[in-house]
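So the chains spell out like this:
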Amino acid sequence: MAKLIYVNNVSLDGYIEDERGAFDWFPIGDEVFAFHTDLLRSAGTLLYGRRLYEAMAVWETDPALGAQSDLTADFANAWQAASKVVYSTTLAAASTADTRIERQFDPDVVRELKATASSDLTVGGANLAAQALTAGLVDECQLMVLPVVVGGGKPGLPTGIRADLELLDERRFQNGVVHLRYRVLPN
């Protein structure tokens, strides 16, 4: 069975967006960017909320983005190779290939995806990840902790949910970013 992995960038104080809704405060750097590409390449299906999907769709809809460098081309190719499932009540149509829209999050459908997938799935977006965590579907949390404190905004991990985790791996990058990989322990 494939794993469902929650992957996100968070500030040191645990936010994915600041109070303005911005996430332009993190240092990416080539080393971290290449690491993100490898994570993306390992997933066959990406589960997204609408806002994250719209932010990421440019990797397919804007060819100039991938043409900036070998690193961005590699990321664009990895993103385009994955299937996408977008959870939205408002999105009328997908702007990218191999993308389907689901109007509501159904844990049974995600369980079936995990059971039949030939490679891992990722879930992105804090609200969608909270639903998947609540349903007991998330197998791993992989967080890129960024060396910045933003003081408030949207939390990277949901409030009101208890989950015990086991640290599987950690990696420090030269720019101060730390990757933490945790297994979600059964309740």
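Residues numbered from 1 in each chain as written. Predicted model: local features only at pLDDT ≥ 70, side-chain atom pairs only at ≥ 80, totals over all residues. Heavy atoms only, no water.

A. Molecular detail of the packing of aromatic side chains. In this structure the tally under the stated criterion is 6 aromatic pairs. Through a chain of ring-to-ring contacts, the aromatic side chains of F33, W59 and F75 assemble into a single cluster. (Phe/Tyr/Trp six-rings, centres within 6.5 Å; stacked < 30°, edge-to-face > 60°.)

B. Representation of the sheet that holds strand 10 (residues 178-184) in the model. One open sheet accounts for 8 strands, arranged 5-4-3-6-1-7-10-9; its pairing is mixed. Either end of the sheet is taken by a strand with one partner, and the two such strands are strand 5 (99-102) and strand 9 (165-172). Direction aside, the axes of adjacent strands within the sheet are offset by 20 degrees on average. Across 6 bridges, the pairing between strand 7 (residues 140-146) and strand 10 is antiparallel. What sits directly across from E140, in strand 10, is R183. (Pairing = 2+ DSSP bridges. Helix = DSSP H or I, 4+ residues; strand = E, 2+ residues; numbered from the N terminus. Axes fitted to C-alpha atoms, helices over the stretch in contact; angles between N-to-C directions.)

C. Just the environment of R20, in detail. Residue placement: R20 occurs in the loop between strand 2 (15-17) and helix 1 (29-41). Of the residues examined, R20 reaches a relative accessible area of 66% and is grouped as exposed. Along the chain, R20 and T96 lie 76 residues apart, while their C-alpha atoms are 28 Å from each other. (Buried < 20%, exposed > 50% of the residue type's maximum accessible area, 1.4 Å probe, protein only.)

D. Highlighting unusual backbone geometry. A positive phi angle, near 50 degrees, is found at D98, a position not held by glycine. Looking at the secondary structure, you find D98 in the loop between strand 4 (83-87) and strand 5.

E. Structural context of the pairing of strand 3 (residues 43-49). The element strand 3 is largely enclosed, with a buried count of 6 among its 7 residues. Pairing analysis gives 5 bridges linking strand 3 to strand 6 (residues 120-124), with the strands arranged parallel. For T45, the partnering residue across the bridge sits in strand 6 and is L121.

F. Expanded view of the pattern of salt bridges. For the coordinates displayed, the defined rule picks out 14 salt bridges. The salt bridge partner of K3 is D120, with a shortest N-O separation of 4.0 Å. Highlighted residues: K3 in the segment before strand 1 (4-11) and D120 in strand 6, separated in sequence by 117 residues. Two residues, E17 and R51, come together in a salt bridge whose shortest N-O distance is 3.0 Å. Residue E17 is found in strand 2, and its partner R51 is found in helix 2 (residues 50-56); the two are separated by 34 residues along the sequence. (Salt bridge = Lys/Arg side-chain N within 4 Å of Asp/Glu carboxyl O.)

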